[in-house]
Amino acid sequence: MEESGTRRATRERHESLLALLRAGVESVETLADQVGVSPSTVRRDLARLERDGSIARTYGGALVRDEVFHERPFGESAQLNAEAKAAIAARAAELVPAEGTVFLDAGTTCLALARLLVTAGPLTVVTRGLESALLLSRAAGVRVIIVGGQVQPLSHGVVGPLASVALDRLAFDVAFLGADTVDPERGLGEPTVEETYVKEVAARQARRVVLLADSSKLEAATTPAWARVEPGWTLLTDAGAPPPAVAAFERHGVTVLTAG
């Protein structure tokens, strides 16, 4: 059956929107001007593309999901799923023991938690995230230790032998870990082996491990390096987490908490 004119026009408009998004155009108003439709039509198109899994929404626009894994710059990652990350951070803050010592991973969800720890002192925070360290260094009552090593250019996280040596000499009440993707079978995925290793060292030194991952991180994805998610860990995610993935983690002995 021949494709109707309306469906063909919609498909072509969606292709134009994806091409503009790949070129770096994110504003709804600019997208509307470029494709010659109203902003409300663009918002409906973006909602459809999001449901189809073609894009991830951000404040004021959208980003194309690539089938091949590409690590996002820190600033770009911070735009994605900001509300879910804030809800996860609020729930995670409840797990921080009074006057305790915690490890705080690099990444935007961990930075959202750092913002809440500013008023949580007395507290010791060990981190490999530059943004979290700078933020917490100005907080009264919070002792900040940043591990040494090589700074990753996109995530701004510290990795390498110096980081591992430092973590091996410390102990944590709770280690809060981030991840680029999380899979019930393979574990947590990262762009490099160095990043998975430093997470494993931090987890080994902690009485409790809490993995912070919004529901988009539980979607199928391929990353170059993986670390196991161990039985006894806690996965803290949001209400959009796919039930099959949640059930799979629970079968693996992982406690799943939902924020929001």
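About the criteria used
Residues numbered from 1 in each chain as written. Predicted model: local features only at pLDDT ≥ 70, side-chain atom pairs only at ≥ 80, totals over all residues. Heavy atoms only, no water. Helix = DSSP H or I, 4+ residues; strand = E, 2+ residues; numbered from the N terminus. Buried < 20%, exposed > 50% of the residue type's maximum accessible area, 1.4 Å probe, protein only. Contact = heavy atoms within 4.5 Å. Areas by Shrake-Rupley, 256 points an atom, 1.4 Å probe, with all protein chains shown as cover. Phe/Tyr/Trp six-rings, centres within 6.5 Å; stacked < 30°, edge-to-face > 60°. Salt bridge = Lys/Arg side-chain N within 4 Å of Asp/Glu carboxyl O. Arc of directions from axis to C-beta. Axes fitted to C-alpha atoms, helices over the stretch in contact; angles between N-to-C directions. Parallel < 35°, antiparallel > 145°, perpendicular 65-115°, else oblique. Left-handed = near helix turned anticlockwise from the far one by under 90°. Nonpolar A, V, L, I, M, F, W, Y, C, P; charged D, E, K, R; others polar.

Asks: Any chance you could explain the overall build of the protein here in plain terms?
Replies: Assigned secondary structure in the protein consists of 10 helices and 14 strands. Per-residue burial over the protein gives 47% buried out of 260 residues. Long-range pairs, those at least 24 residues apart, make up 56% of the contacts in the protein with a sequence separation of at least 6. If you sum the accessible surface of the protein, you get close to 12500 Å²; carbon and sulfur atoms cover 51% of it.

Asks: Mind showing me how you'd approach unusual backbone geometry here?
Replies: The phi torsion of most residues other than glycine is negative, and most of the peptide bonds are trans. Put simply, Gly-121 and Pro-122 share a cis peptide bond, and its omega is 0°. Note that Pro-122 resides in the loop between helix 6 (108-117) and strand 4 (123-127). In this structure, Glu-99 is a non-glycine residue whose phi angle is positive, near 55°. Owing to a relative accessible area of 64%, Glu-99 belongs among the exposed residues under this scheme.

Asks: Explain the packing of aromatic side chains here, please?
Replies: Each aromatic ring pair is described using two quantities: the centre-to-centre distance and the angle formed by the ring planes. According to the stated counting rule, one finds one aromatic pair in the structure shown. Residues Phe-103 and Phe-172 carry aromatic rings whose centres are separated by 5.6 Å and whose planes lie at 45° to one another, so their mutual orientation is tilted. Linking Phe-103 in strand 3 (residues 101-104) with Phe-172 in strand 8 (residues 172-177), this pair joins segments that are 69 residues apart in sequence. With respect to class, Phe-103 is no different from Phe-172; both count as buried.

Asks: Mind showing me how you'd approach the pattern of salt bridges here?
Replies: A complete count under the given rule lists 11 salt bridges for this structure. A salt bridge links Glu-94 to Arg-91, with the nearest nitrogen and oxygen atoms 3.0 Å apart. The class for Arg-91 is partly exposed, based on a relative accessible area of 25%. In this structure, Arg-128 and Asp-105 form a salt bridge, with 2.5 Å as the shortest nitrogen-oxygen distance. With Arg-128 in the loop between strand 4 and helix 7 (130-137) and Asp-105 in the loop between strand 3 and helix 6, the pair connects residues that are 23 residues apart, well separated along the chain. The exposure class of Arg-128 is buried, given its relative accessible area of 2%. Sharing partners across several salt bridges, the network here consists of Asp-105, Arg-128, Glu-190, Glu-195 and Lys-199.

Asks: Mind showing me how you'd approach helix 7 here?
Replies: Since one α-helical turn is 3.6 residues long, residues separated by three or four positions face the same way. Looking only at helix 7, the buried set comprises Ser-132, Ala-133 and Leu-136. When helix 7 is viewed along its axis, its buried side chains cluster within an angular range of 100° and face the same direction.

Asks: Looking at this structure, I do not really get the packing of helix 5 (residues 82-93) against helix 6. What am I missing?
Replies: The relative placement of two packed helices is expressed as an angle between their axes plus a distance between the axes. Look at helix 5 against helix 6: their axes get within 8 Å of each other, and the N-to-C directions meet at 55°. Accordingly, the angle class assigned to the pair helix 5 and helix 6 is oblique. Two packed elements cross with a definite hand, and for helix 5 against helix 6 that hand is right-handed. For the pair formed by helix 5 and helix 6, the contact residues are Lys-85, Ile-88, Ala-89, Ala-90, Ala-92 and Ala-93 on the first element and Thr-108, Thr-109, Ala-112, Leu-113 and Leu-116 on the second. For the contact of helix 5 with helix 6, the class distribution of residues is eight nonpolar, two polar and one charged.

By themselves, these observations are geometric and do not establish any function.
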